[in-house]
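Coordinate analysis (summary)
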Amino acid sequence: LAFGCLLLGGILGLISSARPWWRASGEGVVVKFTGAQVTGGLSQALAIVALAGTLLMLVLQARGRRVVGAILLLVGLGLVLSGALRLQPSADAVRSQVREVSLVDAFQLSVTVWPWISALSGVAIATGAVLTMITAAHWPARSERFRASQVTERLTDSDDPAELWKAMDAGADPTTNDHDTPIGDDP
């Protein structure tokens with residue numbers, strides 16, 4: 001549930017940052033301002049950080065998930081704040097955008113639904129982050145198969161060449177054991 005909230009919130013935040021938050025219209029001219037333009041790229045960057053943190057959760061242990069969860073809580077709150085504030089583009093920015101397509105001086109600025117969707121994505125991320133911090137210890141752990149300590153414990157004193165090759169493939173040095181003495185016959 002936590003992973004799903006984080007993933008859904010990140011994707012929704014990325015989509016909403018690319019959609020128009022404000023429209024300037026006047027005498028047949030409509031100019032749109034995306035969330036990334038209005039927030040100076042902050043909404044888009046926060047959504048990308050949320051997605052990256054969500055993917056990072058897959059390889060971390062419980063303590064790391066809690067730390068990333070705390071960071072993602074701040075990211076989610078940032079998205080909520082940026083969406084709820086519905087930051088307006090400056091009048092000069094609107095004029096310059098309108099002037100690119102028309103000579104109209106009179107225009108009306110109207111907000112769309114996308115800032116609220118961005119805020120909703122922040123709520124989903126914050127909820128997923130809190131759930132992650134609470135349930136981090138219960139998430140499945142990544143495989144211990146590739147840890148060096150586990151590989152050396154499985155290393156046997158066998159003279160079987162197949163076992164030695166398996167140990168080398170796993171990253172262990174089959175020529176030494178725990179006592180730093182050679183394994184097998186040393187010529």
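Presented here is a report on the structure given in the accompanying data block. (Residues numbered from 1 in each chain as written. Predicted model: local features only at pLDDT ≥ 70, side-chain atom pairs only at ≥ 80, totals over all residues. Heavy atoms only, no water.)

So, a nonpolar patch on the surface
On the surface, Leu55, Leu56, Leu58 and Val59 cluster together into a nonpolar patch covering about 360 Å² of accessible area. With respect to the secondary-structure elements, Val59 resides in the loop between helix 3 (42–56) and helix 4 (62–85). (Patch = residues over 30% accessible without salt bridge, like charges linked within 9 Å, V, L, I, M, F, W, Y side chains within 5 Å. Areas by Shrake-Rupley, 256 points an atom, 1.4 Å probe, with all protein chains shown as cover. Salt bridge = Lys/Arg side-chain N within 4 Å of Asp/Glu carboxyl O. Helix = DSSP H or I, 4+ residues; strand = E, 2+ residues; numbered from the N terminus.)

Considerations on the sheet that holds strand 2 (residues 29–34)
Reading across from one edge, 2-1-3 is the order of the 3 strands in this open sheet, with antiparallel pairing throughout. Strands with a single pairing partner mark the edges of an open sheet, and in this sheet they are strand 2 and strand 3 (108–111). On average, each strand axis in the sheet is inclined to that of its neighbour by 25°, with strand direction left out of account. (Pairing = 2+ DSSP bridges. Axes fitted to C-alpha atoms, helices over the stretch in contact; angles between N-to-C directions.)

Some details on the environment of Leu6
Mapped onto the elements of the fold, Leu6 is located in helix 1 (residues 2–18). Note on Leu6: relative accessible area 0%, which makes it buried. Residues Leu6 and Gly69 lie 63 residues apart in sequence; the distance between their C-alpha atoms is 9.6 Å. The residues touching Leu6, leaving out its near neighbours within four places in the chain, are Thr54, Met57, Leu72, Ala124, Ile125, Gly128, Ala129 and Thr132. (Buried < 20%, exposed > 50% of the residue type's maximum accessible area, 1.4 Å probe, protein only. Contact = heavy atoms within 4.5 Å.)

Observations regarding the packing of helix 4 against helix 6 (residues 114–135)
Where helix 4 contacts helix 6, the axes come no closer than 7 Å and their chain directions differ by 160°. Classified by the interaxial angle, the pair formed by helix 4 and helix 6 is roughly antiparallel. Handedness of the crossing formed by helix 4 with helix 6: left-handed. Counted by class, the contact of helix 4 with helix 6 contains 15 nonpolar, 8 polar and 2 charged residues. (Parallel < 35°, antiparallel > 145°, perpendicular 65-115°, else oblique. Left-handed = near helix turned anticlockwise from the far one by under 90°. Nonpolar A, V, L, I, M, F, W, Y, C, P; charged D, E, K, R; others polar.)

A short note on the nonpolar core
Side chains of a nonpolar character, in soluble globular proteins, are inclined to be buried together. By size, the foremost hydrophobic cluster in this structure holds 13 residues, and its most contacted members are Leu6, Ala50, Met57, Val68, Leu72, Val75 and Ile125. Looking at this core, the elements that each hand over two or more residues are helix 1, helix 3, helix 4 and helix 6. Ranked by the residues each element gives to this core, the list is headed by helix 4, at 4 residues. Setting aside residues up to four positions removed in sequence, Met57 forms contacts with Leu6, Arg65, Val68, Gly69, Leu72, Thr132 and Trp139. One finds Trp21, Val31, Val94 and Val98 within the second-largest nonpolar core, a separate group that totals 9 residues. (Core = buried A, V, L, I, M, F, W, Y, C linked by side-chain atoms within 4.5 Å.)

Re the side chain of Thr132
Looking at where Thr132 falls in the secondary structure, it is placed in helix 6. Not counting chain neighbours up to four residues away, the residues in contact with Thr132 comprise Ala2, Leu6, Met57, Arg65 and Trp139.

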